[in-house]
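Secondary and tertiary structure notes
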Amino acid sequence: MKRIQYYQYGGPELMKLDEFNLRVPGKGEVAVKVHFASVNPIDWKVRSGYLKVMTGKKFPRAMGSDISGIVTAVGPGVTRFNRGDAVFGSVKIQDGGALGEAAVAPETFLAKKPDSISFEEAACLSTPGTTAWNGIVDKAKVIAGQRIFINGCAGAVGEAAVQLALAIGATVAGSCSAGDMQRMSTLGVNPVFDYRTADLAKIGDRFDVVYDTAGTMNTAVAFGLLRPGGVFLDVNPTPVKLIRAIFNRKLKPIVCTARADVLDGIARSADSGKLRLPIGEIVPLTDAIRAITALETGHKVNGKVLVRMD
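Here's what I pulled together on the structure shown here. (Residues numbered from 1 in each chain as written. Predicted model: local features only at pLDDT ≥ 70, side-chain atom pairs only at ≥ 80, totals over all residues. Heavy atoms only, no water.)

The subject of this paragraph is helix α10 (residues 288–296). Three or four residues apart is the spacing at which side chains of an α-helix point the same way, because the helix has 3.6 residues per turn. Within α10, burial applies to Ala288, Ala291, Ile292, Ala294 and Leu295. Each buried residue of α10 lies within a common arc of 160° when the element is viewed along its axis, so the set occupies one face. The inward-facing, buried residues of α10 abut β1 (2–6), α1 (41–48), β15 (279–284) and β16 (304–308). Glycine 298, located one to two residues past α10, shows a positive phi value of around 110°. (Buried < 20%, exposed > 50% of the residue type's maximum accessible area, 1.4 Å probe, protein only. Helix = DSSP H or I, 4+ residues; strand = E, 2+ residues; numbered from the N terminus. Arc of directions from axis to C-beta. Contact = heavy atoms within 4.5 Å.)

The next point concerns the sheet that holds strand β2 (residues 16–19). On the basis of which strands lie adjacent, the open sheet formed by 3 strands has the order β2-β1-β4 and antiparallel pairing. At either margin of the open sheet sits one strand with a lone partner, and together these are β2 and β4 (61–62). The sheet contact formed by β1 and β4 spans 2 bridges and is antiparallel. Along β4, the bridge assignment pairs glutamine 5 with alanine 62. (Pairing = 2+ DSSP bridges.)

Reported here for the second largest pocket is a volume of approximately 330 Å³. Forming the boundary of the second largest pocket are 16 residues, of which Arg3, Arg23, Ala62, Asp95 and Gly96 lie nearest the centre. Counting only elements with at least two residues in the lining of the second largest pocket, the list comes to β4 and β7 (102–106). When residues in the lining of the second largest pocket are grouped by element, the largest group, 3 residues, is from β7. A per-class count over the lining of the second largest pocket returns 7 nonpolar, 4 polar and 5 charged. (1 Å grid on protein atoms, 1.4 Å probe; cavity = no way out; pocket = protein on both sides within 12 Å on 5 of 7 lines; lining within 4 Å. Points joined across faces, edges and corners; volume = space filled by probe spheres on them. Nonpolar A, V, L, I, M, F, W, Y, C, P; charged D, E, K, R; others polar.)

As structure tokens, then:
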């Protein structure tokens, strides 16, 4: 089998499409024949060494985090899945391997794919959906009638957060690029601001939750948008912010944390039609390195980039 690997931390030029042997799934793990993988910024952050405290120094390392496919083997103690189940979800960040023809993942990082969505649609959901859920449901505990502001509402995490908040019964405002404003308005974001021209500090509205899914919002601006008792969800959890959050309950850094109940909730939302993410491009595994490099160096695609395993 083949997958994208690298032999030291660094830039996109280090990626190689190599042959490998899939390990046998261990306790609580399943092996998945991958149909589609989606590309996320975390993939090249891991490869660059940004998280090497977590990922260690053992090489080669495999690229990729989010998958959809079919379970081919289950390890000891697995209760959520059987061979032949269609699933979607993520691999462990310490292992990687989604960008390959097969991968091993903890069963708690996967959910059964609803029959109502395709493998392509399912592959888009895990990291963006989980990050959105961790903020909207886990940390902010959004309820119907609340007012939410989402910075970066047209990105994958932002769009997932918009849909989750609207499904709960909240109202959503947000910011995105001018080219995405009409699409976000149609989705239900009202009002929607052009992040390049709007001065968010002067919009005059106040919110129960501000979620910076783009990782670009100034903390002072975010706090200024909050109602009394509101919270600021920050998807860029620097060490300083993590320490600050201990003493300031308004600040809640978000670390994408996959759990079985979260993935099952995402599956239910997708099955009901309340959660969908647009697909921008699908490439074969043989063209994946080019596509990842383009994204990493600033190429914009309106939707998720998927890698197809033939």
